[in-house]
Amino acid sequence: MKIVFATNNQHKLSEVRQILGERFEVVGLKDIGCTEDIPETAETLEGNALQKARYVKEHYGLDCFADDTGLEVSALGGAPGVHTARYAELAGQGSTHDSNANMDFLLHNLENITDRNARFRTVIALIYKGEEHLFEGIVEGTILPERHGHEGFGYDPVFQPKGYDRSFAEMSADEKNAISHRGRATQKLVEFLKLKH
């Protein structure tokens, strides 16, 4: 079964392909010739994911799914949340999707703060056979005072999932996928598609 994942992020694409396995052929936006920047202007993760999935369905006529992920830090009132990928940029501290600037800005904002509780939340919006479905994955954890590890992407070096003594960036792809927010949301997506397919 072929399905479009509305992303140009190669890290996300390979992560999801690994989780979905052989039963599904997952193609990205480049594979369907979509080179435009799909707007993400909603105020919620759910809204952004639906916006991207609907865009692909409307312009390309293909069943697809899209995700949006937010890092929600307790001491920062749930920020960066929906602005996770552009956290530093929006504060004039870096360019778009600059992971290092985002981490620097986050660590700066958490200086001298003892409550380091945070969670990653992924929402996947699926448009399949004319119907819309939402799947959510959450992983609780803490923000480390400094970076650890070199795997993964985004905020992985500063996020330590609950019950583990390592950051996401110190885990193998398989380890991370087994417990990550995206892994959990994707697992729900897989179960749904297996039932329907």
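So, how was this worked out
- Residues numbered from 1 in each chain as written.
- Predicted model: local features only at pLDDT ≥ 70, side-chain atom pairs only at ≥ 80, totals over all residues.
- Heavy atoms only, no water.
- Axes fitted to C-alpha atoms, helices over the stretch in contact; angles between N-to-C directions.
- Helix = DSSP H or I, 4+ residues; strand = E, 2+ residues; numbered from the N terminus.
- Parallel < 35°, antiparallel > 145°, perpendicular 65-115°, else oblique.
- Left-handed = near helix turned anticlockwise from the far one by under 90°.
- Contact = heavy atoms within 4.5 Å.
- Nonpolar A, V, L, I, M, F, W, Y, C, P; charged D, E, K, R; others polar.
- Buried < 20%, exposed > 50% of the residue type's maximum accessible area, 1.4 Å probe, protein only.
- Polar contact = N/O pair within 3.5 Å; in protein donor to acceptor, adjacent residues only side chain to side chain.
- Pairing = 2+ DSSP bridges.
- Phe/Tyr/Trp six-rings, centres within 6.5 Å; stacked < 30°, edge-to-face > 60°.
- Lys NZ or Arg CZ within 6 Å of the ring centre and 35° of its normal.
- Core = buried A, V, L, I, M, F, W, Y, C linked by side-chain atoms within 4.5 Å.

Chemist: Please clarify how the packing of helix α1 (residues 10-20) against helix α6 (residues 181-196) should be interpreted in this entry.
Modeler: Between two packed helices, the angle of one axis relative to the other and the distance separating the axes together describe the packing. Closest axis-to-axis distance for the α1/α6 pair is 10 Å, and the angle between their directions is 50°. Between α1 and α6, the crossing angle belongs to the class labelled oblique. Regarding α1 and α6, the two cross each other, and that crossing is right-handed. Together, K12, E15, V16, I19 and L20 of α1 and R182, G183, T186, Q187 and V190 of α6 make up the contact between the two elements. Of the residues contributing to the contact of α1 with α6, the split by class is 4 nonpolar, 3 polar and 3 charged.

Chemist: Got a minute to help me understand the environment of D104 in this structure?
Modeler: Along the polypeptide, D104 turns up in helix α4 (residues 99-109). By relative accessible area, which is 42% here, D104 ends up partly exposed. Spatially, the C-alpha atom of D104 lies 9.6 Å from that of R147, the residues being 43 residues apart in sequence. A polar contact is formed between the side chain of D104 and the side chain of R147, at a distance of 2.9 Å.

Chemist: Mind showing me how you'd approach the pairing of strand β5 (residues 117-128) here?
Modeler: If a strand is regular, its side chains alternate between the two faces of the sheet. Across the 12 residues that make up β5, a large majority, 10, are buried. Examined bridge by bridge, strand β3 (residues 64-73) and β5 share 10 bridges and lie antiparallel to one another. Looking at β5, one finds that F65 is bridged to L126. Of the strand pairs in this sheet, β5 and strand β6 (residues 131-143) are connected by 12 bridges, and their pairing is antiparallel. Considered in β6, the bridge of L126 is made with H133. Taking the residues that link successive antiparallel strands as the turn, the β5-β6 hairpin has 2 residues, and the phi of K129 there is positive, at about 50°.

Chemist: Would you mind showing me how to read the packing of aromatic side chains here?
Modeler: Within a pair of aromatic rings, the relevant descriptors are the distance that separates the centres and the angle that separates the planes. In the structure shown here, the tally under the stated rule is 7 aromatic pairs. A centroid spacing of 5.5 Å and a plane angle of 55° characterise the contact between F135 and F192, whose relative ring orientation is tilted. You can see F135 sitting in strand β6 and its partner F192 sitting in helix α6, a full 57 residues away along the chain. Looking at F135, the relative accessible area reads 10%, which means it is buried. Here the aromatic residues F120, F159 and F168 are joined through ring pairs into a cluster of three or more. We note K176 situated over the ring of F168; from NZ or CZ to the ring centre the distance is 5.5 Å.

Chemist: Sorry, what's going on with the pairing of β6 here?
Modeler: One ladder, built from 3 bridges, connects β6 with strand β7 (residues 159-161); its direction is antiparallel. Bridge assignment links T142 to a residue of β7, and that residue is Q160.

Chemist: So what exactly am I meant to see when it comes to the nonpolar core here?
Modeler: Soluble globular proteins tend to pack their nonpolar side chains together in the buried interior. If you look at the biggest cluster of nonpolar residues, it comprises 20 residues, and the most contacted ones within it are L71, L106, I143, Y155 and F159. Those elements that provide at least two residues to this core are β3, α3 (87-90), α4, β5 and β6. Ranked by the residues each element gives to this core, the list is headed by α4, at 5 residues. Among residues more than four places away in sequence, those in contact with F159 are L71, A118, R119, F120, V139, E140, G141, T142, I143, S167 and F168. In this structure, F5, L20, V26 and I124 belong to the second largest nonpolar core, which totals 17 residues.

Chemist: Before we go on, may I ask you to explain unusual backbone geometry in this structure?
Modeler: Peptide bonds are, in most cases, trans, and in most cases residues other than glycine have a negative phi. The step from A79 to P80 runs through a cis peptide bond, and the omega angle for that step is 0°. Along the chain, the position of P80 falls in strand β4 (residues 80-81). For N112, which is not glycine, the phi dihedral falls at a positive 65°. Turning to its location among the elements, N112 is positioned in the loop between α4 and β5. Residue classification places N112 among the exposed residues on the basis of a relative accessible area of 80%. Positive phi, close to 50°, is recorded for K129, a residue that is not glycine. The residue K129 is located in the loop between β5 and β6 in this model.

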